[in-house]
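So you can see what is in the structure, the chains are spelled out below.
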Amino acid sequence: MGMKRRAFLRLTASAGGGAMLPWWSAAEAQRASRAKVLIVGGGFAGSACTLRLRRLNPALRVTLVDPDEIYTTCPMSNGALVGQRDLQSLRVTRRGLVRDGVTYVRDRVTSIDTRARRARLGAGGELAYDRVVLASVIRLLWGRPEGYTEAAALRMPHAWQAGAQTEILAKQLRALRDGGVVAISVPAGPMRCPPGPFERASLIAGYLRRAKPRCKILIFDGNNHFPRQQEFSDAWARLYPGMIEWISVVDGGAVERVDPSRMLVVSGVGEQRADIANIIPPQAPAMLAVQAGLASDHGWCPVKPLTFESTLAQHAYVIGDSCIADPMPKSASAACSQAMQCAASITASLAGHEPAAAVLDSVCYSSLSSDTALSIHGRFSATASGIEPLPMERQAASSPAEEDVQAGEWYQGIVQQAFAVRGDK
């Protein structure tokens, strides 16, 4: 069994849970059983945290608030663009969470008062809490590049939040003329799933090579390098020769302006007319994080590295894409690993204990074609002084075909880990 496969099994096994922490006394368990934990946001981070909390102490009163009763996963959504999957296969409900004893509220938290420990709901009313975990979705920064608005996204889809945007981009790909140009714009700075745009380019190229081989894909990048660049580049040269061109920021790749009416992308290399423009804008935490005082001046949310408690507000935690947890990436598996540690730290805090140091995991699979993939795996030590990368075990590398099989197994495992799905999802 290869390193990545074993690491995947370790990650999912750690979420299996069990009963309450063994070092709790009866008095501590009784005190904690009166505690209310509010989770804001039901993606991978928030859902995994609710399940872990319930399994660490089934007496905790755990409430999840999210406006979407059905959640569409971003992992594997690039495959839905080119017909490898349908969106229905990526949709999960809240049934598994409810079966595990989580109270699910279909609503939106509009504000959090961290001093009073109360959250206001969009439909009216408030929820009191002893601990709150912010795991809300990222916010897309409209107007960057210039001209890119919510309305523009209907013609130049970002497809960076799976669902309707995925369908728009998929429809455009089906209608694309042979010989057309697909432009992909990658923002500078921290973003969700950094390898995602390059996986997307790979899968689109695979689709176009079969159906519309004279097309061209231009990747306009606001950065000077990207994850596993050499492996992606080698795969492109082997599988899609001459079809994909990557333009780095030093070569003028940063997109400065778009004109949706003319399907124009403007960068340092000049104007480029595109048949499809996939504009991925810069990202930041939800405005709720800003309003609650959990975001720093540079936009993201600083947290204590061992507990994921905010450094800016007591009894408030931030996990997933919104938190600053460098060097961990902003990925679904990193979010789940953070959720496990956050849940452990909350249960320890409620019992009056300090959490133990932990090892966190992250693995990200990126498809290169319909039957090959690569992975990026990391292990990290989380202590009170910081999060540090750990050396990886030396194992024989998996082949791209084996990585593709492992990617499917990983996806099924992480969905089960976060949402406790069954046949009905």
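Above this text you will find the structure in question.
What counts as what
Residues numbered from 1 in each chain as written. Predicted model: local features only at pLDDT ≥ 70, side-chain atom pairs only at ≥ 80, totals over all residues. Heavy atoms only, no water. Helix = DSSP H or I, 4+ residues; strand = E, 2+ residues; numbered from the N terminus. Rg over C-alpha atoms; globule rule 2.2 N^0.38 Å. Buried < 20%, exposed > 50% of the residue type's maximum accessible area, 1.4 Å probe, protein only. Contact = heavy atoms within 4.5 Å. Areas by Shrake-Rupley, 256 points an atom, 1.4 Å probe, with all protein chains shown as cover. Lys, Arg positive; Asp, Glu negative; His and termini not counted. Charge placed at Lys NZ, Arg CZ, Asp CG, Glu CD. Core = buried A, V, L, I, M, F, W, Y, C linked by side-chain atoms within 4.5 Å. Pairing = 2+ DSSP bridges. Axes fitted to C-alpha atoms, helices over the stretch in contact; angles between N-to-C directions.

### Details of the overall build of the protein chain
Here is step 1 of the chain: Across its full length, the protein chain holds eleven helices and 24 strands.
Here is step 2 of the chain: Against the compact-globule benchmark of 22 Å for 425 residues, the protein chain has a radius of gyration of 22 Å, which places it among compact chains.
Here is step 3 of the chain: Referenced to the eigenvectors of the C-alpha coordinate spread, the extents of the protein chain come out at roughly 70 × 50 × 40 Å.
Here is step 4 of the chain: Counting the 425 residues in the protein chain, one finds 57% classified as buried.
Here is step 5 of the chain: If you take every contact in the protein chain between residues at least 6 apart in sequence, the share linking residues at least 24 apart comes to 69%.
Here is step 6 of the chain: Accessible area of the protein chain: about 17,400 Å², with a carbon and sulfur share of 51%.
Here is step 7 of the chain: Charge separation in the protein chain, taken as the distance between the mean sites of 47 positive and 38 negative side-chain charges, equals 5 Å.

### Focus: the nonpolar core
Here is step 1 of the chain: Phe 44, Cys 49, Leu 53, Ile 112, Phe 308 and Ile 319 are the most contacted members of the largest nonpolar core, which totals 75 residues.
Here is step 2 of the chain: Counting residues per element, this core draws most heavily on helix H10 (residues 332-350), at ten residues.

### Considerations on the sheet that holds strand S14 (residues 255-259)
Here is step 1 of the chain: If you walk across this open sheet you meet the three strands as S14-S15-S16, and the pairing is antiparallel. Taken across any chain shown, the strands that pair with only one partner, and hence form the sheet edges, are S14 and strand S16 (270-273). The sheet shows a mean angle of 20° between the axes of neighbouring strands, direction not considered.
Here is step 2 of the chain: Pairing geometry for S14 and strand S15 (residues 264-267), over four bridges, is antiparallel. Looking across to S15, one finds that Arg 257 is bridged to Val 266.

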